[in-house]
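One letter stands for each residue in the lines below.
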Amino acid sequence: MRFQGRVAVITGGGSGLGRVLARRFAAEGASVIVADVVGHSATAVADEISEAGGRSLAHTTDVTDSSGVEAMVETAREAFGPVQILVNNAARATDADFLDLSEETWEEDVAITLKGPFLCSQAVLADMTENRSGVILNIASVNALTYFGNEAYSAAKAGILSLTRSLAVRYGPFGVRVNAIAPGTLRTPAWEQRRQKDPEVFERVSKWYPLGRIGEPEDVAGAALFLASDEAAWISGAVLPVDGGLTAGNLQMAQEIVIGSEDHTP
Ligand SMILES: NC(=O)c1ccc[n+]([C@@H]2O[C@H](COP(=O)([O-])OP(=O)(O)OC[C@H]3O[C@@H](n4cnc5c(N)ncnc54)[C@H](O)[C@@H]3O)[C@@H](O)[C@H]2O)c1
């Protein structure tokens, strides 16, 4: 039980990766606040945790709304105590060609993906600095590291890496660790619309991954729990790609550059 007695907030905890993180943190003893703008999803995940014997509370939170975020942190404090672990997981990527990307979509995607982590971090840092202890884990994306489309979302995810480093340096002296994970493609509901248009999308995308498959939320959960735990006590300001090798390089491109090289693809 790596998080016995600790209080963790998972934003966007009602679906996909957030749901798995909420369940895994709770299984390791944390009291988990499942914060999601879709209240019934948050409640369903909190119920799953309770049924499994864990401690959890659902909170309907829009991470772009500062008063809602403050209310969420206050609710957590009253129910379980000051927040010790914050996972900034909520995000949104809207598919649109760059020239058709509306100002409204840009503002909304960036607000959920970047302003949300700003507001949530600000809301938990007072307690963390006072207690000289805390962990903030930002879920970024491989889109923060190299180009994969979704310009607004990607710019926001790149911004999260800067925020991660800023807060790690600024609040390290107060015992607060801040890290980021950059996942590759994950099998989550976020892909539902794309899969409806293209049922083979995961199979096609898988071929770009050196490890030959896309990721499951559980692949990220292992890294997230490690970075939030005391085993990572001297890790701060780090960005960990959890991406099946995707951002390590491009085998097809390498083979085309090295003329005549053998194809080592199994
Ligand atoms: N799925 C992928 O391929 C992939 C790849 C790289 C990174 N990620 C990152 O992983 C994280 C989780 O993504 P996912 O695939 O599980 O997505 P998802 O769409 O399944 O879940 C996102 C959750 O965030 C919630 N949410 C949206 N707007 C919110 C708001 N304003 N306030 C609070 N909650 C809000 C949604 O209701 C939903 O429950 C995100 O940060 C995403 O960028 C996902």
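Because the structure is a prediction, the values reported are computed rather than measured.

A. The pattern of salt bridges, seen in detail. For the coordinates displayed, the defined rule picks out 14 salt bridges. As a salt-bridge pair, Glu74 and Arg77 come within 2.1 Å of each other at their nearest N and O atoms. Taken as a pair, Glu74 and Arg77 lie in helix α3 (residues 66–79) at a separation of three residues, close to a single helical turn. A relative accessible area of 31% places Arg77 in the partly exposed class.

B. Spatial organisation of the environment of Ala79. Examined against the element boundaries, Ala79 turns out to sit in helix α3. The exposure class of Ala79 is partly exposed, given its relative accessible area of 41%. Along the backbone, Ala79 and Ser56 are 23 residues apart, and their C-alpha atoms lie at a distance of 9.5 Å.

C. Quick peek at the confidence of the model for the protein chain. In the predicted model, the protein chain carries a mean pLDDT of 96, and 97% of its residues have values of at least 70. Confidence scores differ between elements of the protein chain, with helix α9 (residues 251–257) showing the lowest mean pLDDT of 87 and strand β5 (residues 134–139) the highest of 99.

D. Expanded view of α3. Taking 1.5 Å per residue, 14 residues should reach 20 Å; α3 reaches 20 Å between its end C-alpha atoms and fits that length. At its buried positions, α3 is contacted by β1 (7–11), β2 (31–36), β3 (55–60) and α4 (103–131). Immediately beyond the C-terminal end of α3, within one or two residues, lies Gly81, with a positive phi of roughly 120 degrees.

E. Structural context of the site of the ligand. What surrounds the ligand is a group of 28 residues, the closest being Ser15, Asp36, Asn89, Tyr153 and Thr188. In this structure, an oxygen atom belonging to the ligand sits 2.7 Å away from a side-chain N or O atom of Ser15. One of the backbone N or O atoms of Asn89 is found 2.6 Å from an oxygen atom in the ligand. Contributing elements (two or more residues each) for the shell around the ligand: α1 (16–27) and α5 (151–171).

Calculation notes
The numbers attached to residues start from 1 for each chain and follow its sequence in the written order. With the structure being a predicted model, the display of local features is reserved for residues of pLDDT at least 70 and the display and counting of side-chain atom pairs for 80 or more, all residues being used for whole-chain, interface and lining totals. As a convention, hydrogens and water are excluded, and side-chain values are obtained from all of the structure's heavy atoms. Salt-bridge detection follows one rule: a side-chain nitrogen of Lys or Arg within 4 Å of a carboxyl oxygen of Asp or Glu. Each helix is a run of DSSP H or I of at least 4 residues and each strand a run of E of at least 2, with the numbering of both proceeding from the N terminus. Accessible area is worked out with a 1.4 Å probe on protein chains only. A residue is then buried under 20% of its type maximum, exposed over 50%, and partly exposed in between. One number per residue, pLDDT, summarises how confident the predictor is, and it ranges from 0 to 100. What a helix should span is 1.5 Å times the count of its residues minus one. We call two residues in contact whenever any of their non-hydrogen atoms come within 4.5 Å of each other. Think of it this way: one heavy atom of a residue within 4 Å of a molecule or strand is enough to make that residue near it. The term polar contact refers here to a pair of N or O atoms within 3.5 Å; inside protein, the definition further demands a hydrogen-donor-capable atom paired with an acceptor-capable atom, and it admits residues adjacent in sequence only when both atoms are side-chain atoms.

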